[in-house]
Amino acid sequence: MPEQTVLLSADDIRRAITRMAHEIVERNQGTERLLLVGIQTRGVTLAHRIAEAIAGFEGAQVPVGSLDINLYRDDLTSRAQPVVRPSNMPVNIEGMRAVLIDDVLFKGRTIRAALDALIDLGRPEVVQLAVLVDRGHRELPIRADYVGKNTPTSLTQEVKVQFTEVDGQDQVVLVELERSVAR
Amino acid sequence: MSTRAPVKDTPIAAVVAPRRHVLDLDDFTPEEIISLLEMTDGMREVMDRDIKKVPTLRGKVVMTLFYEASTRTRVSFEQAGKMLSADVINISASGSSAEKGESLIDTALTLQAMHADLIIIRHSHSGAPYLLAQHLERTGIINAGDGRHAHPTQALLDLYTMQRHMGSLKGAKVAIVGDVLHSRVARSDMWGLAAMGANVVLCGPPTLLPPEMLHGDGPGGRWPSNVTVDTNADRAITDADVVMTLRLQQERQSSGLLPSLREYSKRWQVNEERLKRAKPGVLVMHPGPMNEGVEISTSVAHGAASLIEEQVTNGVAIRMALLYWLLTGPQGEAVTA
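About the thresholds
- Residues numbered from 1 in each chain as written.
- Chains lettered and ligands numbered in written order.
- Predicted model: local features only at pLDDT ≥ 70, side-chain atom pairs only at ≥ 80, totals over all residues.
- Helix = DSSP H or I, 4+ residues; strand = E, 2+ residues; numbered from the N terminus.
- Buried ≥ 20, exposed ≤ 12 C-beta atoms within 10 Å, placed from the backbone.
- pLDDT = per-residue confidence, 0-100.
- Contact = placed C-beta atoms within 7 Å.
- Pairing = 2+ DSSP bridges.
- Axes fitted to C-alpha atoms, helices over the stretch in contact; angles between N-to-C directions.
- Nonpolar A, V, L, I, M, F, W, Y, C, P; charged D, E, K, R; others polar.
- Right-handed = clockwise from strand over helix to strand, strands pointing away.
- Arc of directions from axis to C-beta.
- Domains from an automatic or database assignment.
- Parallel < 35°, antiparallel > 145°, perpendicular 65-115°, else oblique.
- Left-handed = near helix turned anticlockwise from the far one by under 90°.

For the rest of this paragraph, the subject is the overall build of chain B. Scanning chain B for helices and strands turns up 13 helices and nine strands. Across the 337 residues of chain B, 48% fall into the buried class.

Structure representation (structure tokens):
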């Protein structure tokens, strides 16, 4: 059993989401033309949570889309193939203020793929990035506009975000990987 | 459609060993088929976009090598490759060195020497794709139809189309009506449907059914176990969830296997009257090209139950999923068929 420490409890996650939701609305001066785009799978869950929070204090329903980035990966010939699933945008993204949402920001390669995937669907006015955990170790010039928690990690660790909808409980844990499997 | 919990980054290789060739469905596990059908949803979404192209297979070279006439299968592969940004090169036997007497193996070795990543072959001889798979060390092979033996991508698109409308295929009754004996589609469909747990009834004139099935030697051995035969179309279609019609290859009549087209359509044509015996909501399919008025009536072919056009659309999507599966993943390792 690998060693693990809790980074965020269910309450911490709830507070972080509420704060990020406020920041998103503040930065975009309201919810007009706002679109939340979750990166599958847990980014989509997080996007729905943020949309719920916004509905709670703004009374506005912000559309939530989901993005599958697997067809845009840069490592398709060096690792086992991921299952490709449909992307789904409830509105035309042309001219929208799109906020990409993912659970963990790490090397930045997922976000690079997500930008390509998004722009193939149309031309948003702006694209911003919100993540629940930023764990560092960027390999590309990418940064988040909204961060739930910044946490320094080592490459021998893994950040696991769990949501009730997908994993049965809300929590973020830091798992110590065994050296042999560390990337 | 699928009940599996979506998990980001789940490598399909966990359940699906890498593969270099797709020759028939008889060596596919249900898990492999399920993974492929699952990914086909993602490919359908790409087809529905304004910009129908993703960069996934940039720099991959796919060659189609067709020794037999085809519209939908060849175009479908070409379109699938192009939507995934692969370079697709089409070679037809007429106008190629085959006319100068070059052997099939030499032609394929030439294409491999040009660094083709994948050759998609159709040939009138059963087993031709297997021969190439044995001789090519670096290039993968997809069988796009070999003689009367197999047509695995047609079967996969049929499975996908059925699953899209019915959810699970377990226990479903699928009647395949027509010239089963000469049909590579029926053969591959059987393997695929067997893997997915459907029950298959093969139906047609006794002269157009596989003799070993008809005379009680099968099933078993060369045939999957949930396949039965029936020469009576009314009985075969009764309570069917899916009725699949096969093209009557008209040259069969001159070979003495059929009394007359008129008698054939009277006894085995899929028409509205006959379809009333099937389950409500029955799905009607046909691999194309159709002889309307012979094996299928025009009103059924273009009626509400018909999925024939959707089969064509799904054919592109399933071939995209297949190209993605064969051409991505760890490269340069020893991978066996």
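Below, the discussion takes up the confidence of the model for chain B. Residues and elements named next belong to chain B. The share of residues in chain B with pLDDT of 70 or more is 90%, and the mean pLDDT across the chain is 88. Confidence drops under a pLDDT of 50 for residues 1-15, and excluding neighbours within four residues, the segment shows 28 contacts in the predicted structure. Contacts of residues 332-337 to residues separated by more than four positions or lying in other chains number six contacts, the stretch itself having pLDDT below 50. Our summary of model confidence lists the complex with pTM equal to 0.89 and ipTM equal to 0.84.

Once that is clear, we can look at the environment of A172(B). Residue and element names in this part refer to chain B. Its location among the elements puts A172 in the loop between helix 5 (152-166) and strand 5 (173-177). Note: C-alpha distance between A172 and A240 (68 residues apart in sequence) is 7.6 Å. Excluding anything up to four places from it in sequence, A172 contacts M166, A198, D241 and V242.

Turning our attention to the sheet that holds strand 4 (residues 140-146) of chain B. All names here are of chain B. In spatial order, the strands read 2-1-3-4; together these four strands make up an open sheet with parallel pairing. In this open sheet, the two edge strands, each paired with only one partner strand, are strand 2 (87-92) and strand 4. Averaged over all pairs of adjacent strands, the angle between their axes in this sheet comes to 15°, without regard to strand direction. Looking at chain direction, strand 1 (residues 61-66) and strand 3 (residues 118-123) are connected through five bridges and run parallel.

What follows deals with the interface of chain B and chain A. Interface extent is often summarised as the accessible area lost during association of the parts. Contacts between chain B and chain A engage 27 residues on the former and 20 residues on the latter. Elements that contribute at least two residues to the side of chain B that touches chain A include exactly helix 1 (30-47) and helix 13 (308-327) of chain B. Top element by residues in the side of chain B that touches chain A is helix 1 of chain B. It accounts for eight residues. A breakdown of the residues in the side of chain B that touches chain A according to their chemical character gives 13 nonpolar, seven polar and seven charged.

So, on to the pairing of strand 2 of chain B. Residue and element names in this part refer to chain B. Bridging between strand 1 and strand 2 involves six bridges; their strand directions are parallel. Across the sheet, T64 pairs through a bridge with N90, a residue of strand 2. For the segment spanning strand 1, helix 2 (residues 72-83) and strand 2, crossover handedness is right-handed.

With that settled, the discussion passes to helix 4 (residues 128-135) of chain B. Residues and elements named next belong to chain B. Within helix 4 the residues assigned to the buried category are A128, P129, L132 and A133. The arc that holds the buried residues of helix 4, viewed along the axis, is 140°, so those residues lie on one side. Considering only its buried residues, helix 4 is in contact with helix 3 (104-113), strand 3 and strand 4.

Turning our eyes to something else, we now look at the domain arrangement of chain B. All names here are of chain B. Partitioning chain B into structural domains gives domain 1 (12-150 + 315-327) and domain 2 (152-312). With centres defined by C-alpha atoms, the gap from domain 1 to domain 2 works out at 25 Å. Between domain 1 and domain 2, the residue contacts involve 24 residues of the former and 20 residues of the latter. Elements represented by at least two residues in the side of domain 1 that touches domain 2 include exactly helix 1, strand 4 and helix 13. Per-class residue counts for the side of domain 1 that touches domain 2 are twelve nonpolar, six polar and six charged.

On to unusual backbone geometry. A cis geometry characterises the amide bond from Q40(A) onward to T41(A), with omega recorded as 10°. With respect to the helices, strands and loops of the structure, T41(A) is situated in the loop between strand 2 (34-39) and helix 2 (42-58). The residue R33(A) is not glycine, and still its phi comes out positive at about 60°. Mapped onto the secondary structure, R33(A) falls in the loop between helix 1 (10-27) and strand 2. Of note, S85(B) is a non-glycine position whose phi angle comes to about 70°, a positive value. The topology assignment puts S85(B) in the loop between helix 2 and strand 2.

Residues and elements named next belong to chain A. Where helix 1 contacts helix 2, the two axes come as close as 9 Å, and the packing angle between them is 70°. Between helix 1 and helix 2, the angle is such that the two are roughly perpendicular. In this structure, helix 1 meets helix 2 at a crossing whose hand is right-handed. On the side of helix 1, the interface is formed by I17, T18, M20, A21, I24 and V25, while helix 2 contributes R49, I50, A53, I54 and E58.

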